[in-house]
Amino acid sequence: MVVSTPMAPEPTVPGTTGETSKMEALASTVQSLPTLPSIVSRVVEVTNNPNATANDLAKVILTDPAATAKILRIANSAYYSFAKRISTITEAIVVLGLDTVRNTLLTVFYQTMHQDLQRQKGNPKVLELWRHSLCTALVARNLAGSQDVSFREKCYVAGLLHDIGRLVLLSRDPAKAGALVDEAVKTKRTLEEIETERLGFTHGQLGSAVARHWRLPPEICEAIGQHHQAGPTPDPKLAAIVHVATYLVTASKVGAGEGLRNDLNAGAKDLVGLDESRIGAILDSMDDVLKEADTLSGLAR
Ligand SMILES: [Fe+2]
Ligand SMILES: [Fe+2]
């Protein structure tokens, strides 16, 4: 499985000319977005087809020995603790489900993106962002409760990738990305307001563009785009869950908060069905979420 960080060469943070319109600023970024390794991209393509079978997905994964080994290792890990040993990739897909297999490969790849970037730039904020993202994915999946597996896995992946716009900005110009955060903290305004003024777009909009570039389902792209506002989207419940999850993880001071304003949208809170006692219970369980994130990070490595 190819997992090197496929960041585009020579990217710059656009939108600083003063004349560039917001859409042009975002469009110029879209041309140099990170790309998915071909195996992950083909897995996304197969899982986007609602009629795809375990055999269809197995055929694709078996073309990549490293991805095959990784899926088998994770399926047989204590994290899933299945009663019997899983020895073929088709069996793994049947027990885990197509969406979970896709998300596992995306998690492995996304962790590698963070690790490569941390190695290249030595910026400790990158690994904090990784922890924040994985915890948001786990909290989002928990918030989906007893909904069907496919919806739960959508919550996981949208939670996992919700701050990919911040990762892209950090990879391109860490000093500039840091300055945006510093300005937001100092002025007590939201990071999105500062990004819109300085860049012409928010990290949510940039992340949504990355997700579209990776051909993820539109409702996931929109949830990533709306993760701080929780505005109208094709799947308001999904967007609300991702918004609430990142709010709760940030409120627990798990990475990527850095003293930034952390606002909870009341409409999203109602849509998810959260009251103060449930919020308190989730915040109290954050240590368990962190432990689970560390276990998953160890498996994905
Ligand atoms: Fe964010
Ligand atoms: Fe976040």
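Above this text you will find the structure in question.
Small disclaimer: the values here were computed from a predicted structure and weren't measured.

Caption draft 1: Inspection of the overall build of the chain at higher detail. Looking only at helices and strands, one finds 17 helices and zero strands in the chain. Across the 301 residues of the chain, 45% fall into the buried class. Taking the contacts inside the chain whose residues are at least 6 apart along the sequence as the reference set, 67% of them involve residues at least 24 apart.

Caption draft 2: Quick look at the nonpolar core. Val139, Ala140, Ala158 and Ile241 are the most contacted members of the largest nonpolar core, which has 84 residues in total. Those residues in contact with Ala140 that lie beyond four places of it in its chain are Cys155, Tyr156, Ala158, Gly159, Ile241, Val242 and Ala245.

Caption draft 3: Layout of unusual backbone geometry. For Ser81, which is not glycine, the phi dihedral falls at a positive 35°. The backbone phi angle of Arg215 is positive, close to 60°, even though this residue is not glycine. Structurally, the position occupied by Arg215 is in the loop between α12 (203-213) and α13 (218-225). C-beta crowding within 10 Å serves as the criterion here: with 13 such atoms nearby, Arg215 is assigned to the partly exposed category.

Caption draft 4: Just the environment of Leu143, in detail. Inspection of the secondary structure puts Leu143 in helix α7 (residues 124-143). A tally of 23 C-beta atoms within 10 Å means that Leu143 is categorised as buried. Between the C-alpha atoms of Leu143 and Val242, which are 99 residues apart in sequence, the distance is 9.0 Å. With sequence-adjacent residues up to four places away left out, Leu143 is seen in contact with Cys155, Ile241, Val244, Ala245 and Val272.

Caption draft 5: Region of interest: the environment of Val244. With respect to the helices, strands and loops of the structure, Val244 is situated in helix α14 (residues 236-251). Counting along the chain gives 22 residues from Val244 to Ala266, while the straight-line C-alpha distance between them is 9.7 Å. Beyond its immediate stretch of four places on either side in the chain, Val244 contacts Leu143, Ala268, Lys269, Val272 and Leu274.

Caption draft 6: Region of interest: helix α3 (residues 54-61). Among all positions in α3, only Leu57, Ala58 and Ile61 are buried. For α3, the angular spread of buried residues about the axis comes to 105°, placing them on one side. On its buried face, α3 is in contact with α2 (38-47), α4 (65-75), α5 (89-96) and α6 (98-121).

Caption draft 7: Seen up close, α6. A rise of 1.5 Å per residue sets the reference length of α6, with its 24 residues, at 34 Å; its end C-alpha atoms lie 35 Å apart and thus fit the reference within 8%. A positive phi of about 60° marks Gly122, the residue just after α6.

Caption draft 8: Examining the packing of helix α9 (residues 164-172) against α12 more closely. Interaxial distance between α9 and α12 falls to 7 Å at its minimum, and their mutual angle equals 95°. With respect to α12, the element α9 is oriented roughly perpendicular. Where α9 abuts α12, its residues Ile164, Gly165, Arg166, Val168 and Leu169 lie against His203, Gly204, Leu206, Gly207 and Val210. Residue composition of the contact of α9 with α12, grouped by class: five nonpolar, four polar and one charged.

Caption draft 9: Layout of the packing of α6 against helix α17 (residues 286-300). As a packed pair, α6 and α17 sit with axes 9 Å apart at the nearest point and diverge in direction by 90°. Of the possible angle classes, the one that applies to α6 and α17 is roughly perpendicular. Contact residues: Thr107, Val108 and Gln111 in α6; Leu296, Ser297 and Ala300 in α17. For the contact of α6 with α17, the residue count by class is three nonpolar, three polar and no charged.

Caption draft 10: Representation of the environment of Asp163 in the model. You can see Asp163 is positioned in the loop between α8 (149-161) and α9. Accessibility expressed as a C-beta count within 10 Å gives 25 for Asp163, which makes it buried. Note: C-alpha distance between Asp163 and Gly207 (44 residues apart in sequence) is 6.6 Å.

Thresholds applied
- Residues numbered from 1 in each chain as written.
- Chains lettered and ligands numbered in written order.
- Predicted model: local features only at pLDDT ≥ 70, side-chain atom pairs only at ≥ 80, totals over all residues.
- Helix = DSSP H or I, 4+ residues; strand = E, 2+ residues; numbered from the N terminus.
- Buried ≥ 20, exposed ≤ 12 C-beta atoms within 10 Å, placed from the backbone.
- Contact = placed C-beta atoms within 7 Å.
- Core = buried A, V, L, I, M, F, W, Y, C linked by C-beta atoms within 7 Å.
- Arc of directions from axis to C-beta.
- Expected span 1.5 Å × (residues − 1).
- Axes fitted to C-alpha atoms, helices over the stretch in contact; angles between N-to-C directions.
- Parallel < 35°, antiparallel > 145°, perpendicular 65-115°, else oblique.
- Nonpolar A, V, L, I, M, F, W, Y, C, P; charged D, E, K, R; others polar.

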